[in-house]
Amino acid sequence: MAEMIKLFVNGVEVEVESGKNLIDALKVVGIEIPHFCYHPALGADGNCRMCLVGIEDGRPPLVPACKTPVAPGMKVQLDTGKIKKIQQDMMEFQLINHPIDCPVCDQAGECTLQDYYMTYDAQDSRMTVPVVSKGKKMDFGCGVVHDQERCVLCARCVRFTRLITKTGELGIVNRSDEARVTTFPGRPLNNRYALNVVDLCPVGAMTSQDFRFKQRAWFLTRDKGICHGCSKGCNIFIDHNREKYKDDIIYRFRPRLNEQVNGYFICDEGRLSYHAENEGRLLAARVDGKDCSVDHAVQAARKALGPKILMLVSPECSIEEMIAIKALADAVGTKLSGYSDGYIKAGDGDGWLIQDDKSANRAGLAKLGIDATKETFNGALNSSDAVISFNNDLFIHDTGSEFRQKLEKMKVIAVSTHNNTLTQNAAIAIPVASYSESSGSVINKDGILQHFGRAVQKNTPLADMTQIAGMLGSPIVTESDIASEMKKVLPSLTEVIPEGGLKLTESEAAHVPA
Amino acid sequence: MSDRSKLIVTGKPFRFDQERDAEFERLVKRYPTRESMILPALWLTQEQEGWISAEAIAYIADRIGTFASQVFECATFYTMYNLHPMGRNHICICRTLSCWLRGKQEIVDYLKNELGLKPGEIGADGKFSLEEVECLGHCGTAPVVQVNGEFHESMDVDKLKSLLATLK
């Protein structure tokens, strides 16, 4: 915990953390200083002049709050007529050449320029000369579409490509009212985090090809989630909406700040992984190629359970689901394997957010002592005559071909979120809710335990994995049973999992394979 | 200032000739970082070719080891760098505050009519090219016109007429 200091804002004493700049420090106590160019991950640039504040200590009349560290006894003025006039003037500058095309702009509803206009400006335009026209819907690459006219030249996107991804594709060319963001001819955006510039852009200049014109921002419900794209477990917002007469679907993922895990950003693959939540889903239960009710399929599966059935659990399952499935395996008296080498894409990770392991909860498998080695799996497969897979796609990314022939001779039961090669050839297929439609906890590759709640509510909700496990005969399915089981395997978990995730202790993390 | 971001792609590779190559290597030692070489390298290119193409900017960026976008920024920011071939007589009119207040528009309008050129253009015969530029640092004697690098101060239309007559 940083040292707390006292300073005055508009004559009122507030206590803030030392070592921060005025924008960040005062934000914590609920005082907003308007700004365009400052972003905590990109540092203070001081180019937008929107955060100018007065300090009563004989320094120059105005200072940018983003570049001013808090100091004890500092007297900050935010509400004087002079500051208000400056803010209004800065807004007028920003809007001189702005097209004001909010009705067709994707950012409308979550636009800094709109918000600040209502708060700090609210005057009619005095401009009588034609606006400077610049490039529209420019394809910058990586699914980023740029509108130069909407841009306020805060340079957040430029700084992101230079400071964070170190690829430097973007630059501000020309000067004065002709200045604009662009790429060098033949060198478009080319990095795996490019779509973060869409979130960073305070206005509608940077839009995502994927999200453009799909949904107005104010219709979206923003629920917190954990990205299941890889073992990093980046924190995200799941923005979804149920349109009239339609089903609840996800329109986009956005990064959610978690200093412990992903900071302010997520990778593009993870961001676009929401498509897999909407498409290619297994929706109907099937027995011997015929659609049937889930109950019927579960009853058929239950009959097949016995010591000669091998249970296969996915590293994508939450801890809760794994606990229920493990209890089921113990009750049935059969082997449980977490073999899932297909989920590892060797060499794909970049040492930052993107990981080789494309499953969300492999550490959870280890925590529960579920064996995931190929040898054990192969041995167990040879001594079994049936396999029940809990969302583990053996053939994901075209792997597991050596088991294909063996499985063809066996009875396969697939409890799955998605249609895949395993469900196609399964004697019994049972659909389950995916991670956006259920809640649970996962442990990421750094040993951080994170909880996610249910976001999407389908018109016809699918049962989640713990319910299916319960229907199949698992003795541990109620929330309280699972919670007490979790506390047994995770001693540092005393109460609920905190918002930012729980870093497991050294000894606990030691069980986690690297 | 007009939009200078539409670079000309020649389709031919660019590199420094032997003399400029040596000069680049001599200069690079003078600076703490290699990025400092962006402006001198742009000058060297302009000295060699008379103007700066997209290929030249990419070459400079790769030679220095910086982002092409950064060299692109510098080349478009400073109007002294020519991003297309110039006329035999390159006329720059300052458009910054003092010159604007002291009547640069009359000069621009006169030249537009007389030469049939808009700022940023080059005549078909290659005799003249016109550019509106940012502050040339002669605010006390505004408006100022720069022809082939030479300053002509306190300009008006009459003075401009006699100046144009001397140009070939």
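Residues numbered from 1 in each chain as written. Chains lettered and ligands numbered in written order. Predicted model: local features only at pLDDT ≥ 70, side-chain atom pairs only at ≥ 80, totals over all residues.

Asker: I tried to follow the overall build of chain B on my own but got confused; where do I start?
Answerer: Assigned secondary structure in chain B consists of 7 helices and 4 strands. Of the regular secondary structure in chain B, the N- to C-terminal order runs α-α-α-α-β-α-α-β-β-β-α. Scaling as 2.2 N^0.38, a compact globule of 168 residues should have a C-alpha radius of gyration of about 15 Å, and chain B matches this with 17 Å. C-alpha extents for chain B along the principal axes are approximately 50 × 35 × 25 Å. (Helix = DSSP H or I, 4+ residues; strand = E, 2+ residues; numbered from the N terminus. Rg over C-alpha atoms; globule rule 2.2 N^0.38 Å.)

Asker: Hey, could you run me through the packing of helix 9 (residues 319-332) of chain A against helix 15 (residues 479-489) of chain A in this one?
Answerer: Helices that pack against each other are described as a pair by the angle of their axes relative to one another and the distance between those axes. Residue and element names in this part refer to chain A. At their nearest, the axes of helix 9 and helix 15 sit 10 Å apart, and the two run at 100 degrees to each other. Judged by the inter-axis angle, helix 9 sits roughly perpendicular to helix 15. Where helix 9 approaches helix 15, its residues Ile-319, Glu-320, Ile-323 and Ala-324 are matched on the opposing element by Ile-482, Glu-485 and Met-486. Of the residues belonging to the contact of helix 9 with helix 15, the class tally is 5 nonpolar, no polar and 2 charged. (Axes fitted to C-alpha atoms, helices over the stretch in contact; angles between N-to-C directions. Parallel < 35°, antiparallel > 145°, perpendicular 65-115°, else oblique. Contact = placed C-beta atoms within 7 Å. Nonpolar A, V, L, I, M, F, W, Y, C, P; charged D, E, K, R; others polar.)

Asker: I would appreciate a short explanation of the domain arrangement of chain B in the present structure.
Answerer: Note: interface size is frequently given as the accessible area lost on complex formation between the parts. Examined at the domain level, chain B breaks down into domain 1 (18-77) and domain 2 (89-166). Placing the centre of domain 1 of chain B and that of domain 2 of chain B at their C-alpha centroids yields a distance of 28 Å. (Domains from an automatic or database assignment.)

Asker: Would you mind going over the sheet that holds strand 2 (residues 12-17) of chain A with me for this structure?
Answerer: Paired through their backbone hydrogen bonds, the strands of a sheet run either parallel or antiparallel. Residue and element names in this part refer to chain A. Spatially, 5 strands are ordered 2-1-5-3-4 in an open sheet, and the strand pairing comes out mixed. The open sheet has two edge strands, strand 2 and strand 4 (63-64), and neither has a second partner. Of the strand pairs in this sheet, strand 3 (residues 52-55) and strand 5 (residues 75-77) are connected by 2 bridges, and their pairing is antiparallel. Each residue of the ladder has a partner; that of Ile-55, found in strand 5, is Val-76. (Pairing = 2+ DSSP bridges.)

Asker: Just to check I follow, could you spell out helix 2 (residues 81-95) of chain A for this structure?
Answerer: Think of an α-helix as turning once every 3.6 residues; residues three or four places apart then point the same way. Residue and element names in this part refer to chain A. Given a rise of 1.5 Å per residue, 15 residues ought to cover 21 Å, and the 21 Å separating the end C-alpha atoms of helix 2 matches this to within 8%. Of all the positions in helix 2, only Gln-87, Met-90, Met-91 and Gln-94 are classed as buried. Each buried residue of helix 2 sits inside an arc of 100 degrees when the element is viewed along its axis, so together they form one side. More than 90 degrees from the buried face of helix 2, the exposed residues found are Gly-81, Lys-82, Lys-85 and Phe-93. In the core, the buried residues of helix 2 are packed alongside helix 3 (112-121). (Expected span 1.5 Å × (residues − 1). Buried ≥ 20, exposed ≤ 12 C-beta atoms within 10 Å, placed from the backbone. Arc of directions from axis to C-beta.)

Asker: Got a minute to help me understand the sheet that holds strand 20 (residues 428-431) of chain A in this structure?
Answerer: Residue and element names in this part refer to chain A. Spatial ordering of the open sheet is given by 15-14-20-19-18-16-17, a layout of 7 strands whose pairing is mixed. Only two strands of the sheet have a single neighbouring strand rather than two, namely strand 15 (290-292) and strand 17 (336-337). Two elements, strand 19 (residues 411-416) and strand 20, share 4 bridges in a ladder whose sense is parallel. Bridge pairing in strand 20 places Ser-416 opposite Pro-431.

Asker: Explain the domain arrangement of chain A to me, please; I cannot follow it from the model alone.
Answerer: Taken as a whole, chain A is organised into domain 1 (4-79), domain 2 (102-208) and domain 3 (285-509). Centre-to-centre separation of domain 1 of chain A and domain 3 of chain A, based on C-alpha positions: 49 Å.

Asker: It is not clear to me how the pairing of strand 22 (residues 448-452) of chain A should be interpreted in this structure. Could you clarify?
Answerer: The side chains of a regular strand alternate, first on one face of the sheet and then on the other. Residue and element names in this part refer to chain A. Most of strand 22 is tucked away: 4 of the 5 residues are buried. One ladder, built from 4 bridges, connects strand 21 (residues 440-443) with strand 22; its direction is antiparallel. Its bridge partner being in strand 22, Ile-443 is matched across the sheet by Leu-449. Hairpin connection, strand 21 to strand 22: the antiparallel pair is bridged by 4 residues, and Gly-447 has positive phi, about 75 degrees.

Asker: Explain the nonpolar core to me, please; I cannot follow it from the model alone.
Answerer: Proteins that are soluble and globular tend to have nonpolar side chains buried together. Core analysis: the largest hydrophobic core is formed by 151 residues, its most contacted members being A:Val197, A:Ala324, A:Ile325, A:Ile430 and B:Ile57. Here the element with the most residues in this core is helix 9 of chain A; it accounts for 8 residues. Beyond its immediate sequence surroundings of up to four residues, A:Ala324 is in contact with A:Met465, A:Thr466, A:Ala469, A:Gly470, A:Ser474, A:Ile476, A:Val477 and A:Ile482. By size, the runner-up hydrophobic cluster in this structure holds 16 residues, among which are B:Phe128, B:Val144, B:Val145 and B:Met155. (Core = buried A, V, L, I, M, F, W, Y, C linked by C-beta atoms within 7 Å.)

Asker: In this structure, what is going on with the packing of helix 2 (residues 38-49) of chain B against helix 4 (residues 68-77) of chain B? I would like to understand it.
Answerer: All names here are of chain B. Relative orientation of the contacting elements helix 2 and helix 4 amounts to 65 degrees, with a least axis distance of 10 Å. The orientation of helix 2 relative to helix 4 falls into the category roughly perpendicular. In the crossing of helix 2 with helix 4, the sense of the turn from one axis to the other is right-handed. Together, Ile-38, Leu-39 and Leu-42 of helix 2 and Gln-70, Val-71, Cys-74 and Ala-75 of helix 4 make up the contact between the two elements. (Left-handed = near helix turned anticlockwise from the far one by under 90°.)

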